[in-house]
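Below are the chains, spelled out letter by letter.
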Amino acid sequence: MSRSERSPLLLAGLLAAAGVAHFAAPRSFDATIPRGLPGTPRTWTYASGAAELALAAGLAAPRTRKAAALATAAFFVGVFPANVKMAADWRHRPTPQKAAAFGRLPLQVPLVLWARGVARNAEGRS
């Protein structure tokens, strides 16, 4: 299997793992939900986990890969405020935790670019 064939499946695996984590350990995700959003943090945690699982399924299927990859890129942009909130909330934690929280912020860029690359590679395939 070539790298371009593995890439969407690796991205799908990342999203699936994150989606499962939202349901397995929701409390840690609840804390990252920006307070200004309507509804409860748990609802957003579960909705985000369900979205990640749906995106993973879409990426895994060649017929839906392009649309799912574009939606994944948008999703990564959409969850960025939660990562910013986490970094702000963790600014007084021990250095390793603080570094992890702030280190996540620039990682959103390669995730968005990865998803866009998967979409680009899926063009013209069915």
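Residues numbered from 1 in each chain as written. Predicted model: local features only at pLDDT ≥ 70, side-chain atom pairs only at ≥ 80, totals over all residues. Heavy atoms only, no water.

Trainee: Before we go on, may I ask you to explain the environment of Pro 41 in this structure?
Mentor: Residue position: Pro 41 is located in helix 3 (residues 41–60). Measuring from C-alpha to C-alpha, the distance between Pro 41 and Arg 27 comes to 9.0 Å, with 14 residues separating the pair along the chain. With sequence-adjacent residues up to four places away left out, Pro 41 is seen in contact with Asp 30 and Ile 33. (Helix = DSSP H or I, 4+ residues; strand = E, 2+ residues; numbered from the N terminus. Contact = heavy atoms within 4.5 Å.)

Trainee: I would appreciate a short explanation of the packing of aromatic side chains in the present structure.
Mentor: A ring pair, where both rings are aromatic, is described by two values, the distance of the centres and the angle of the planes. Summed over all chains, the structure comprises two aromatic pairs. Relative to Tyr 46, the ring of Phe 23 has its centre 5.1 Å away and its plane inclined at 5°; by these criteria the two rings are stacked. Of this pair, Phe 23 sits in helix 1 (residues 3–24) while Tyr 46 is found in helix 3, placing the two residues 23 residues apart along the sequence. (Phe/Tyr/Trp six-rings, centres within 6.5 Å; stacked < 30°, edge-to-face > 60°.)

Trainee: Got a minute to help me understand the side chain of Gln 108 in this structure?
Mentor: Here Gln 108 shows up in helix 6 (residues 95–122). Non-local contacts of Gln 108, meaning those with residues more than four positions away in its chain, are made with Phe 76, Val 79, Phe 80 and Asn 83.

Trainee: It is not clear to me how helix 6 should be interpreted in this structure. Could you clarify?
Mentor: With 28 residues, helix 6 ought to run about 40 Å at 1.5 Å a step, and its terminal C-alpha atoms sit 41 Å apart, in line with that. Along its length, helix 6 shows its largest kink, about 35°, at Pro 106. Within helix 6, the full set of buried residues consists of Ala 101, Leu 105, Gln 108, Leu 111, Val 112, Ala 115, Gly 117, Val 118, Ala 119 and Ala 122. (Expected span 1.5 Å × (residues − 1). Bend = angle between axes of the 7 residues up to and from the residue. Buried < 20%, exposed > 50% of the residue type's maximum accessible area, 1.4 Å probe, protein only.)

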